[in-house]
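Here are the chains, one letter per residue:
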Amino acid sequence: MQTEMIGVAITDVTTDDREMKPRYLEMLTLIERLHRRLLDVIKDEFDRSGEPEINSVQALLLFNIGDEELTAGELKTRGHYHGSNVSYNLKKLVDAGFVAHERSKTDRRSVRVKLTERGQEIRAVVDRLYDRQMESIQQVAGFDAEEFTRLTKALTRLEQFWTNQILYRM
C-alpha cells in the first residue's frame, strides 16, 4: 500500500521487508568476518612457515600485485585497499625488500611498484595456500564451481548496489 506525503510516495513496510533486514545485517557481519578470517588463515600460514617479517595484509597485497607493475592508485581503484592503508603497507614492503618502486617517466608524481624476487616468494606461499584449499574445499565445505559462480554473482550485484548508492546518492 502506498500513501502520499508531501508529494513523495511512501510504501508501507511489508512482512518480507521486516524479514529481510535481519538477513541483510547478518550478511554484512558475515562479509566483514570472512575478510578477517581470510587474514587469519594467511597469518597462520606465515606463522607455520616462520616468515616473521610480513603480516597477512601485506602478504595479500603482494598476492594481488602479482606479476603486474601498478601504482597505489590502481590497487585502490581495483577495490583491494583504502588509500592510506595501501600507501602505508607499500612503504613497509619497499623498506623490507618485497616490492621495488620506480617513478613514472610520464608522471613524476606517480610511483609504480612491482614485486621483487622476495615478494614473488611471498606471493607463491599465498598461491600454494589457495591451491591446497582448492584441493579440499568441495569435500570439506561442499562448494563446487557452480556455487562459487552464484556467490560471486550475488556479491558482484551487492557491490554494484553499494557503488550506485555512492554515485547516485540513492
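Values in this document were obtained by computation on a predicted structure and should not be read as measured data.

S.K.: Before we move on, can you summarise the overall build of the protein with the specific residues and values?
M.R.: Secondary structure summary: the protein contains six helices and five strands in total. Buried residues in the protein amount to 22% of all 170 residues. Across the protein, contacts joining residues at least 24 apart in sequence account for 52% of those joining residues at least 6 apart. When the accessible area of the protein is evaluated, it comes to approximately 12800 Å², of which 54% is carbon and sulfur surface.

S.K.: Lay out the sheet that holds strand β3 (residues 70–71) with the relevant residues and their values.
M.R.: The three strands are arranged β3-β5-β4 in an open sheet whose pairing can be described as antiparallel. Edge positions in the sheet fall to β3 and β4 (99–103), since each has one partner strand and no second. The sheet contacts of helix α2 (residues 56–65) involve β3, β4 and β5 (111–115), and relative to β5 the element is tilted by about 95°.

S.K.: Give a description of the nonpolar core that names residues and reports values.
M.R.: Phe46, Ile54 and Leu62 are the most contacted members of the largest nonpolar core, which totals 24 residues. Every element with two or more residues in this core is listed here: α1 (15–49), α2, α4 (83–95), β5 and α5 (117–141). Top element by residues in this core is α2. It accounts for six residues. Setting aside residues up to four positions removed in sequence, Phe46 forms contacts with Glu51, Ile54, Ala59, Ile122, Val125 and Val126.

S.K.: Describe in detail a nonpolar patch on the surface, supporting the description with residues and values.
M.R.: Taken together, the side chains of Tyr24, Leu25, Ile31, Leu151, Leu155, Phe161 and Trp162 make up a nonpolar region of the molecular surface, amounting to roughly 580 Å² of accessible area. For the nonpolar patch, the secondary structure elements donating two or more residues are α1 and α6 (145–167). It is α6 that contributes the most residues to the nonpolar patch, four residues altogether. Relative to the helices and strands, Leu25 resides in helix α1.

S.K.: So, the confidence of the model for the protein: which residues are in play, and what are the values?
M.R.: Counting all residues, the mean pLDDT for the protein is 87, and 88% of those residues have values of 70 or more. Low confidence marks residues 1–6, where pLDDT is under 50. Its contacts with residues over four positions away, or in another chain, come to eleven contacts.

S.K.: I'd love a proper account of the side chain of Asn89, names of residues and values included.
M.R.: As for its position among the elements, Asn89 is in helix α4. Judged by its relative accessible area of 5%, Asn89 falls in the buried class. At a separation of 3.1 Å, a polar atom in the side chain of Asn89 contacts the side chain of Gln58. The residues contacting Asn89, other than those within four sequence positions of it, are Asn55, Val57, Gln58 and Leu61.

What counts and how
- Residues numbered from 1 in each chain as written.
- Predicted model: local features only at pLDDT ≥ 70, side-chain atom pairs only at ≥ 80, totals over all residues.
- Heavy atoms only, no water.
- Helix = DSSP H or I, 4+ residues; strand = E, 2+ residues; numbered from the N terminus.
- Buried < 20%, exposed > 50% of the residue type's maximum accessible area, 1.4 Å probe, protein only.
- Contact = heavy atoms within 4.5 Å.
- Areas by Shrake-Rupley, 256 points an atom, 1.4 Å probe, with all protein chains shown as cover.
- Pairing = 2+ DSSP bridges.
- Axes fitted to C-alpha atoms, helices over the stretch in contact; angles between N-to-C directions.
- Core = buried A, V, L, I, M, F, W, Y, C linked by side-chain atoms within 4.5 Å.
- Patch = residues over 30% accessible without salt bridge, like charges linked within 9 Å, V, L, I, M, F, W, Y side chains within 5 Å.
- Salt bridge = Lys/Arg side-chain N within 4 Å of Asp/Glu carboxyl O.
- pLDDT = per-residue confidence, 0-100.
- Polar contact = N/O pair within 3.5 Å; in protein donor to acceptor, adjacent residues only side chain to side chain.

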